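The lines below spell out each chain.
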Amino acid sequence: MRKNTLRAAFTLCAVASLAAATGPVSSASAAAHTAPAARHAPRPVLVDCLFHPQVRPADFILACGDGNSRLSSLHWKQWDTGVAVAEGVNAVNDCKPYCAAGHFHSYAVTVRLDRPKAWKKHPQTQHYTRMTLTYSDGRPSGFDRVVTYPLWD
């Protein structure tokens, strides 16, 4: 019985090794065909609160310290070397009577990212350095219809 178990385990390991050995070859050859295009036109990233690069994120926290402003349901229409544009929702805490007891209100917004520059953490990577929010139907109290923020490096 033990002999059959060892033979089965050996066979299983051999098959797994063979599959692993052949998998990367096809992946590598596919990457080799797409890599030159990627090198010619690297797309900028959006750096999040934890300094992780994001590409076309569905959600994004604007107020890193307390999370009282965030973007959600982002649907990206454009993401290229100069500009990224999305439609989504900006959920903002009214902080009344204070932030911990406040309520979040949602506002339809167009998000525009631009001004890509080399990222200090990874100089070979471009990141967007400015975000512009345009509120289309209502906006948080005290906000202009168009608000522009510098993004962190």
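Residues numbered from 1 in each chain as written. Predicted model: local features only at pLDDT ≥ 70, side-chain atom pairs only at ≥ 80, totals over all residues. Heavy atoms only, no water.

A. Region of the structure containing the side chain of Asn93. With respect to the helices, strands and loops of the structure, Asn93 is situated in strand β5 (residues 84–93). Engagement of the side chain of Asn93 in a polar contact is seen with the backbone nitrogen of Cys95, the distance being 2.8 Å. When residues no more than four places from it in sequence are discounted, the contact partners of Asn93 are Asn68, Cys99, Gly102, His103 and Phe104. (Helix = DSSP H or I, 4+ residues; strand = E, 2+ residues; numbered from the N terminus. Polar contact = N/O pair within 3.5 Å; in protein donor to acceptor, adjacent residues only side chain to side chain. Contact = heavy atoms within 4.5 Å.)

B. Quick peek at the nonpolar core. Counting 20 residues, the largest nonpolar core has Leu71, Trp76, Val111, Leu113, Met131 and Leu133 as its most contacted members. Not counting residues up to four positions away in its chain, the partners in contact with Met131 are Leu46, Phe60, Leu62, Leu71, Val111, Arg112, Leu113, Val147, Thr148, Tyr149 and Leu151. (Core = buried A, V, L, I, M, F, W, Y, C linked by side-chain atoms within 4.5 Å. Buried < 20%, exposed > 50% of the residue type's maximum accessible area, 1.4 Å probe, protein only.)

C. Representation of the state of the cysteines. One pass over the full model with this rule turns up two disulfides. Covalently, Cys49 is tied to Cys64 through a disulfide, its sulfur atoms 1.8 Å apart. Between Cys49 and Cys64 the sulfur-sulfur dihedral comes to about -85 degrees; the bridge is accordingly left-handed. With Cys49 in the loop between β1 (46–47) and β2 (53–54) and Cys64 in the loop between β3 (60–61) and β4 (69–79), this residue pair connects regions lying 15 residues apart in the sequence. The class of Cys64 is partly exposed, set by a relative accessible area of 37%. Between Cys95 and Cys99 runs a disulfide, and the two sulfur atoms are separated by 2.0 Å. Across the S-S bond of Cys95 and Cys99 the torsion is about 95 degrees, and the bridge reads as right-handed. On the accessibility criterion, Cys95 (23% relative accessible area) is partly exposed. Sequential numbering of the bridged cysteines in the protein gives the disulfide pattern 1-2, 3-4. (Disulfide = S-S within 2.5 Å.)

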